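Now for the letters of each chain:
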Amino acid sequence: MAEFKLKIRRYDPESGSAPYWDEHTVELEPHRSVLEGILQARNENDGSIGVRCSCRAAICGSCGVRVNGKPGLACHTHLGAALESAGEDGVIEVEPMGNMPIIKDLIVDMDAVHWKKIQRVTPWLIGKQPVPEREYIVSRESMIDVTQSMACIQCGACVSDCLSMEVDPLFVGPAALAKAYRFVGDPRDGAHEQRLKDLSEDKHGIYDCTHCFKCIEACPKGVAPMNQIMRLRRIAGNDFQIKDRNNGERHEAAFVSNIERNGILHEADLLPDSYGGKFHPRAVPELISSLPIVVTALLRRKMTLGKALLHPHTAPDGVKRIFEVVEGREERNEFNLYISGTDAEAEASPEVAAAIEAAEPAGVAPEGTEGSSG
Amino acid sequence: MKVAYWPGCVSRGFTAELHGSMAAVAPMLEIELVELDRASCCGAGVIAEHSQELADTLNARTFALAQQEITQGADLMMNICSTCQGAQNECQQRLDASAEYRAQINETLSDEGLEYQDGIINKNFLWVLVEEIGLEKLRSLVRRPLTDLRVGPFYGCYIVRPTDRLDINRAQPRDEYLGQVIETLGGTVIDYAGSHKCCGFPIITMNKEASLEQAGRHLADATDAQADCLVTPCPLCHLNLDLQQPMAAKQVGRELNMPVLHLPQLVGLALGLSPKELGLAHHIVKPTAVIDWSQAVVGGVGGW
């Protein structure tokens, strides 16, 4: 048994009083969870502490909180580990998740934000037509591909810390977009293009993510929502050539061709090209609005006209060759660590590696016999 | 020490003062820079978004070029851009994870006679300062301590997340290094909400309001915390925080005027270089507070 000090953020919006910190000392073994600590404080010290929980085994996703400023599951965080990430005073801070209104203390309104956004992405399978008489037959590989996004337990930890949502509450967000990939990556779904068009054209859709890695860091289940958002963009732009009104696809295409030509980025071209080219109607107002900055930059000799207009770099032949080979491939070669694991892991557990090796090679299951059913 | 030096793209384009200040500071720190001038853009996450294999191959090529320098005596590869650090690290994680995948990538590189061998050490200048040069040595080189200069750190997402991939842990708190460096140089570290958040730059062409709102909010938070300036190891953050600052100020509806320094500029100031030598005159937001400070410390330095 050891003593742990918990500092819990308390707030009851109905009371009319401001939020405050409340400190409790609990006695538990270090391998017990922060949730057990909160429950002990509630049961023994103060029955009015508001906390939501159910399974206590990192499955139900109810007990999302921030521990020492980082979002996660209270039931999945050991008190010992929490003490290590605590400040110098050795007090473990427990706060409600961010980006969602507080109902009471550690309980946030998941319906108002998280579930609304999940509903936004049509979170069910729209069967591909024609619907087969029996089950859909799909390759094993394609179902493994969506398991990463299926691992989501809807705890809201990624939503809590999303930095785009912090400034743009309308952003569809990491959890819902990971859910969208779960269907866009599913070969049985018949609405891939509509889903992607919808989420590309929405100003608060897939192109509103800044790659800040907060959701990857937050997720207790390894879903890596940001990676799923990047895959949605990849499929929208490359496979369906969706040219969205937010310039998402244009920006990506402009960036890639900029590097193909110049080897390193020539910024002066990137901005106008991202809007469709220097003389594109979209680009003109943008360029005019950035004129004062351009003039200041020229005056301060941050850039020179020569440098802005001329192209001092050209891509080395080796770089051009890489573009030729990789862009010329018929099928995307996308190495996913979540699925493949590392060589080091395989060495550490040879039985698992052997089992994977021995398993049937990925491919279409014999028709009408085996296979995942829808 | 000798490093295979990857300056990145923006430090040779819109933030040329970064490349220049690194070149000025390196000899004072006894760092010999061997520039990887045939290497290409890291992709900044955008090429990976288009094609993961393309980003992995381009960066494997950069690593292979750096390894050529390392066999000829360089200690490691060094970059001066948080985004390069993170984007290259992400590719390296995949390349190092699987010999089979690495072989596929090396097959493409073989046309040029290059091969990437797993395990390259690639560190941002910030990490080199703390882990290779060491804070003690750095402290001994300070000629003009940043006394009374209130500096807010701004890291850039790519150099602080995800923590496991970037080997950030209690024994190696890379997400606290900027504060450590500011203190070592004699300055005061300003604690404000935005230090580890996103500058918003990646979506400037897609959702300008949200992008500028992020930059503006962090600059305003730093202003409220009474910072004299910010310092960043990321030139892309610098673009949104400095170049776009007039627009960000409009977006958040308040005056900002927060100078943003590149990391080598801050180090250079403390090592005794003048603001002019460090290219501070090229910033959009005039670093008046920093200049005033430097003149108060050493009369006439900088010649403004």
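Scroll up to find the structure this text is about.
Some thoughts on the pairing of strand 4 (residues 70-73) of chain A
All names here are of chain A.
- Looking at chain direction, strand 3 (residues 64-67) and strand 4 are connected through four bridges and run antiparallel. Following the sheet pairing, Gly64 is matched in strand 4 by Leu73.
- From the end of strand 3 to the start of strand 4, which pair antiparallel, there are two residues, and Asn68 there has a positive phi angle of about 50°.

Here's the deal with the pattern of salt bridges
- Enumeration according to the criterion identifies 46 salt bridges over all chains in this entry.
- Of the charged contacts in the structure, one is a salt bridge between Glu209 of chain B and Lys203 of chain A, with a shortest N-O distance of 2.7 Å. Here Glu209 of chain B, found in helix 9 (residues 208-224), pairs with Lys203 of chain A, found in the loop between helix 8 (192-201) and helix 9 (214-218), and the two come from separate chains.
- Glu209 of chain B sits in the partly exposed class, given a relative accessible area of 39%.
- Where Glu334 of chain A meets Arg332 of chain A, a salt bridge forms, and the shortest distance between an N and an O atom there is 3.6 Å.
- Members of the salt-bridge network, linked through shared partners, are Asp145, Arg231, Arg234, Asp239, Arg332 and Glu334 of chain A.

A few points about the environment of Lys278 of chain A
- Among the structural elements, Lys278 of chain A can be located in the loop between helix 12 (267-274) and helix 13 (283-289).
- Leave out the neighbours within four places in its chain, and Lys278 of chain A touches Asp269, Pro272, Ala283, Val284 and Leu287 of chain A.

Some points on the sheet that holds strand 3 (residues 76-79) of chain B
Residues and elements named next belong to chain B.
- Strand order across the open sheet formed by four strands is 2-1-3-4, with parallel pairing between neighbours. Every other strand in the sheet has two partners, leaving strand 2 (32-35) and strand 4 (122-124) as the edge strands with one partner each. Neighbour-to-neighbour, the strand axes of this sheet turn through a mean angle of 40°, independent of strand direction.
- Bridging between strand 1 (residues 2-6) and strand 2 involves four bridges; their strand directions are parallel. Residue pairing in the sheet places Tyr5 in a bridge with Glu35 of strand 2.
- Relative to strand 2, helix 1 (residues 16-25) is tilted by about 140°, and along the sheet it contacts strand 1, strand 2 and strand 3.
- In the packing of helix 6 (residues 125-133) onto the sheet, contacts are made with strand 3 and strand 4, and the angle to strand 4 comes to roughly 95°.

Overview of the side chain of Ser51 of chain B
- Relative to the helices and strands, Ser51 of chain B is located in the loop between helix 2 (46-50) and helix 3 (52-71).
- When its relative accessible area of 9% is taken as the criterion, Ser51 of chain B is described as buried.
- Here Ser51 of chain B is in contact with Arg234, Val326 and Glu327 of chain A, once residues within four sequence places are set aside.

Things to note about the interface of chain A and chain B
- In this assembly, 67 residues from chain A lie in contact with 74 residues from chain B.
- Taken together, the two surfaces of chain A and chain B that pack against each other cover about 6300 Å², and 60% of this comes from carbon and sulfur.
- Looking at the side of chain A facing chain B, the largest losses of area belong to Arg300, Lys302 and Phe335 of chain A, adding up to 12% of the total buried there.
- In this assembly, chain A and chain B are joined by eight salt bridges.
- When residues of the side of chain A that touches chain B are traced back to their parent elements, those giving at least two are helix 6 (163-167), helix 9, helix 10 (225-239), helix 11 (248-262), helix 12, helix 13, helix 14 (291-299) and helix 16 (317-327) of chain A.

Considering the environment of His204 of chain A
- Within the secondary structure, His204 of chain A sits in the loop between helix 8 and helix 9.
- Along the primary structure His204 of chain A and Ser164 of chain A are separated by 40 residues, whereas in three dimensions their C-alpha atoms are 9.4 Å apart.
- The residues contacting His204 of chain A, other than those within four sequence positions of it, are Asp168, Leu170, Phe171 and Val172 of chain A together with Asn207 of chain B.
- There is a polar contact of 2.6 Å between the side chain of His204 of chain A and the side chain of Asp168 of chain A.

Analysis parameters
- Residues numbered from 1 in each chain as written.
- Chains lettered and ligands numbered in written order.
- Predicted model: local features only at pLDDT ≥ 70, side-chain atom pairs only at ≥ 80, totals over all residues.
- Heavy atoms only, no water.
- Pairing = 2+ DSSP bridges.
- Helix = DSSP H or I, 4+ residues; strand = E, 2+ residues; numbered from the N terminus.
- Salt bridge = Lys/Arg side-chain N within 4 Å of Asp/Glu carboxyl O.
- Buried < 20%, exposed > 50% of the residue type's maximum accessible area, 1.4 Å probe, protein only.
- Contact = heavy atoms within 4.5 Å.
- Axes fitted to C-alpha atoms, helices over the stretch in contact; angles between N-to-C directions.
- Buried area = accessible area lost by both parts, 1.4 Å probe.
- Polar contact = N/O pair within 3.5 Å; in protein donor to acceptor, adjacent residues only side chain to side chain.

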